[in-house]
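This is what each chain is made of:
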Amino acid sequence: MSKSVKFDEIKKKFLDMEFSNLNFPQRDAVFHVDGNLLVLAGAGSGKTTVIINRIYNMIVYGNLYNSEDVDCDAKSCKLLSEGLKNGKKLSEFSDIVKLHPISPENILAITFTNKASKEIKDRLNKRLGDVSNKIWASTFHSMCSKILRNYAELVGYTNDFTIYDSDDQKRLIKECEKILNIEEKVFPVKSCISAISSAKDEFMSAFDFKVKHENNFRMSKIADIYALYEEKMKKSDAMDFDDLIFNTVKIFRENKKILNLYKKKFKYIMVDEYQDTSKSQHELIKLLSGSKGNLCVVGDDDQSIYKFRGANVENILDFDKYFKDVKVVRLEQNYRSTKNILDAANSVIQNNSARKSKKLWTESAAGDKIHLHVAYSEHDEAGVISSEILKRVEEGRKYSDFAILYRAGSQSGVIEKFLVKNNIPYRMVGNVRFFDRKEVKDLIAYLSVINNPRDEVRLKRVINRPNRSIGERTMQSISKTAEKTGKTFYEIIQSASNYPDLQRASAKVLSFSSIIDPLIEENNNGMKLSDLYKSLIDISGYVEFIRSSEDNFNERMENIKELGNFIAKFEEEKRENASLSSFLEEISLISDSSVSNEDEEKGFVTLMTVHASKGLEFPVIFLPGFEEGVFPGQQCLYDENEIEEERRLAYVAITRAKEELFILNATSRMTFGSTSHNKPSRFISEIPEKLITVTKSREWKKIPVGQRIPESSQDIKVKSVVSARSFGMGGINPLVSRKKSDKVYVLGDIVDHAIFGHGVVTSIFDIGNESLLEINFDKSGKKRIPSSRL
DNA sequence: TGAGCATAGTTTTTT
DNA sequence: ACTATGCTCA
């Protein structure tokens, strides 16, 4: 049979038809299956759609579109032509056309968050059914942890190692500093962690680190901490998040056989959000894929906003340096925002130098101009946001259409206050995560100790909660004895009465092991996880402990129950595989911001940091605090690289908006207890003027008491708006002032002023914490005076 | 060992 | 301004 051009044509037509909901570049990416591929996916360009369709295409057709070795005879071709006309899919002709399906087991799809990986799994499951479950869709960390569960022994751990989160890590570093007599003030835990973390990112062991920084006092001290930290981690059979990557790479480098096993398995690799990968993650991918593999990375260098935690933009910028024969696809058509919003985003990001050239375009209409509002304070800013939301809700928008995105978490407080006042329902994303709550962590620590009694950090966390009168002293002598005898911390506790040093404390200490031991026993005997949890709560006395020692008892109790629910849910899903260790494994990598994320749909305005908003979209976006010193932040102002990162952040913020975008700044703002007057953010001036309408709050504050307020503002373009104060404040009559403390003024009140004397209140304005009263004084006429000054 | 005061530090955050 | 954390004293 000779190669027929006709068939090639038909085949392409079929596939183009089946994927006709994708634009050309998107289809390019989907059909390019073999070889390396870099997809530069601009904001809102349908990135996830491409990923899903690409995997679907791989599993159903494989590299069919671009393959040249498929053929069929004339008769079959005719059949196909008819099928094409009747709108059939090529997969329905698998008897006459040899498809090139790729086994799902050979596909690895890596994402950054569990949320993203769940989304991919769900969407693939919808399209492909259970076949999709054979795809490895996971995060870097869960993939590594899965691998390490087989080979951790090669790097000095058991395969049941515990995973330490950043809180555990912090505790351990603190302990190390104490032991080494290093002052926390001079070596802040945070900076030690980040130094160690970046050392691991570059595969530097504590020893290498020490050698490299031999002549640097500071760094060599950190090397000592690093060394001790590592020693203790191994003793506790625990790895931190960086270790998961580090050790996997180590094993792959040192054991070609194991590496080849996985190379063979993962013939096709996809990595999402590649701009966020760190050096070590990049290395891991290089090892798995080799330079000539079938690697597809998707990302957007303009949305790289995680440098501070190790993301390395060069990974994507220099992708074609590291991998051979790279095909580059640019997804530049934006399906999310109006043209004005997109133009604004484009013109801001254009000011960055280190980027792949890329320009988003859209077929959408221009839409509203971008609203720029100049407020006079952060309170006013929050008030304006509230009133704009209320106005639009009256016009028919849902609360869930709005999101307020801020640079720093500290900005949320004032905004929340105003939303509450105005009865606007809101939800905050990424606040205190469920698994970060104290009581949840405590109970998980208990479970961890039951699972792995060598886990010292978590043991120490709970040994004295509830109070067993085990203090610093006792702990130290246990540590010493452990060191002397070569036994583990927990073993010493179990046999405390055997050691003279521990005679006095032995009863207290044994009261702890008498709780843990039977639970270990029961767990080994195969007790159900949920029952284990129940008996833990029963015999640990934990509930009584928080009832007497902590506030918000009810809320904490709720969380304890919620953890119980979570365990029950886990059991239901995993059935016979619901072991304690598998549970701990799962939650150590899932720290989802909320357990119940089902309240998403309606009814809530969303508040979050710009970072947290990446990947999301909303019809109306508010961006408060566009000021020099806030956004871009203070510490970025004098470093061009940092500014570029901030600009990318601004780009992310702007591109979240679908229809309306509000940028706000305040001419004065309280920061760290004192008032600052920030200039408008440079990012505002980077947006072409013609795309913006400016509104401005009237500036009561700047006008000296007793002077007239200009009726119209100086700038013709600037129209004066009435801000929050004229809107209902949570049912309180807006014309009644709400003072922080004592007196509440109403219209017509008679006042006595120390200087101006007798007068009548003629107007009241809310200015955040207090009210501004307009008073007609008998002798000196109308003046505006803050209520606190009366 | 716990309660109460002083002090310092306040960007972003997933795993 | 506010809060979390450390240190002192009982």
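All of these numbers come straight from a predicted model, not from anything done at the bench.

1. A closer look at helix α25 (residues 542–549)
Right, so step 1: Listed as buried for α25 are Y542, V543, F545 and I546. Down the axis, α25 shows its buried residues gathered within 160° of arc, on one side only.
Right, so step 2: Where α25 is buried, its residues contact α19 (438–451), α24 (529–540) and α26 (553–574).

2. Here's the deal with the confidence of the model for chain A
Right, so step 1: Of all residues in chain A, 87% attain a pLDDT of 70 or more, and the chain-wide mean is 84.
Right, so step 2: Segment residues 594–598 is flagged for pLDDT under 50; beyond a separation of four residues in sequence, or across chains, it makes four contacts in the model.
Right, so step 3: Scored below 50 in pLDDT, residues 701–742 shows 83 contacts in the model against residues more than four places distant or in partner chains.

3. Things to note about empty space enclosed by the protein
Right, so step 1: Here the structure, examined in full by the defined rule, presents three cavities of 30 Å³ or more.
Right, so step 2: Space inside the second largest cavity adds up to approximately 40 Å³.
Right, so step 3: Taken together, I51, A109, I110, T111, I120, M270, V271, D272 and V298 make up the full set of residues lining the second largest cavity.
Right, so step 4: Of all elements in the fold, only β2 (107–111) and β6 (268–271) reach the threshold of two or more residues within the lining of the second largest cavity.
Right, so step 5: By residue number, the principal contributor to the lining of the second largest cavity is β2, which donates three residues.

4. Observations concerning a positive patch on the surface
Right, so step 1: Residues K170, K174, K178 and K190 make up a contiguous surface patch of positive charge.
Right, so step 2: No other element matches the three residues that helix α7 (residues 166–179) contributes to the positive patch.
Right, so step 3: Positionally, K174 belongs in helix α7.

5. A few points about helix α17 (residues 378–394)
Given 3.6 residues per turn, any residue in an α-helix points the same way as the ones three and four places further on.
Right, so step 1: Given a rise of 1.5 Å per residue, 17 residues ought to cover 24 Å, and the 24 Å separating the end C-alpha atoms of α17 matches this to within 8%.
Right, so step 2: By the criterion of burial, α17 is predominantly enclosed, with 14 of the 17 residues buried.
Right, so step 3: The N-cap residue of α17 is S377: its side-chain oxygen and the backbone nitrogen of H379 are 3.2 Å apart.
Right, so step 4: Positive backbone phi, at 115°, marks G396, one or two positions downstream of α17.

6. A short note on the packing of aromatic side chains
Right, so step 1: Applying the stated rule across the entire model yields 21 aromatic pairs.
Right, so step 2: With a centroid separation of 5.9 Å and an interplanar angle of 70°, the aromatic rings of F112 and F140 are classed as edge-to-face. Taken together, the residues F112 in the loop between β2 and α5 (114–128) and F140 in helix α6 (residues 140–151) connect sequence positions 28 residues apart.
Right, so step 3: Where Y306 meets F308, the ring centres are 5.9 Å apart and the plane angle is 50°; that geometry is what we call tilted.
Right, so step 4: Residue class for Y306 comes out buried when judged on its relative accessible area of 13%.

7. A word on the layout of surface pockets
Right, so step 1: Each pocket or cavity is described by its volume, and for the second largest pocket that value is around 990 Å³.
Right, so step 2: Lining the second largest pocket are 29 residues, with E175, I179, K232, K460 and S479 sitting closest to its centre.
Right, so step 3: Ranked by residue count, the leading element in the lining of the second largest pocket is helix α21 (residues 472–485), at seven residues.
Right, so step 4: By residue class, the composition of the lining of the second largest pocket is eight nonpolar, six polar and 15 charged.

8. Some remarks on the protein's contact with DNA strand B
Right, so step 1: Taken together, 27 residues sit near DNA strand B, with R407, G409, N467, G471 and T609 positioned nearest.
Right, so step 2: By atom count, sugar and phosphate contribute 53% of the portion of DNA strand B lying within 4 Å of the protein.
Right, so step 3: One nitrogen or oxygen atom from the side chain of S166 is found 3.3 Å from a base oxygen belonging to DNA strand B.
Right, so step 4: I470 has a polar backbone atom sitting 3.5 Å from a phosphate oxygen of DNA strand B.
Right, so step 5: Split into classes, the residues belonging to the surface near DNA strand B amount to nine nonpolar, 13 polar and five charged.

9. What about the protein's contact with DNA strand C?
Right, so step 1: By nearness alone, every residue bordering DNA strand C is listed as K174, E184, M670, F672 and G673.
Right, so step 2: Backbone atoms, meaning sugar plus phosphate, form 20% of the atoms of DNA strand C positioned within 4 Å of the protein.
Right, so step 3: The contact in question runs from a phosphate oxygen of DNA strand C to an N or O atom on the side chain of K174, over 3.1 Å.
Right, so step 4: Looking at side-chain class alone, the surface near DNA strand C contains two nonpolar, one polar and two charged residues.

How each quantity is defined
- Residues numbered from 1 in each chain as written.
- Chains lettered and ligands numbered in written order.
- Predicted model: local features only at pLDDT ≥ 70, side-chain atom pairs only at ≥ 80, totals over all residues.
- Heavy atoms only, no water.
- Buried < 20%, exposed > 50% of the residue type's maximum accessible area, 1.4 Å probe, protein only.
- Helix = DSSP H or I, 4+ residues; strand = E, 2+ residues; numbered from the N terminus.
- Arc of directions from axis to C-beta.
- Contact = heavy atoms within 4.5 Å.
- pLDDT = per-residue confidence, 0-100.
- 1 Å grid on protein atoms, 1.4 Å probe; cavity = no way out; pocket = protein on both sides within 12 Å on 5 of 7 lines; lining within 4 Å.
- Points joined across faces, edges and corners; volume = space filled by probe spheres on them.
- Patch = residues over 30% accessible without salt bridge, like charges linked within 9 Å, V, L, I, M, F, W, Y side chains within 5 Å.
- Areas by Shrake-Rupley, 256 points an atom, 1.4 Å probe, with all protein chains shown as cover.
- Salt bridge = Lys/Arg side-chain N within 4 Å of Asp/Glu carboxyl O.
- Lys, Arg positive; Asp, Glu negative; His and termini not counted.
- Charge placed at Lys NZ, Arg CZ, Asp CG, Glu CD.
- Expected span 1.5 Å × (residues − 1).
- Polar contact = N/O pair within 3.5 Å; in protein donor to acceptor, adjacent residues only side chain to side chain.
- Phe/Tyr/Trp six-rings, centres within 6.5 Å; stacked < 30°, edge-to-face > 60°.
- Nonpolar A, V, L, I, M, F, W, Y, C, P; charged D, E, K, R; others polar.
- Near = heavy atom within 4 Å.

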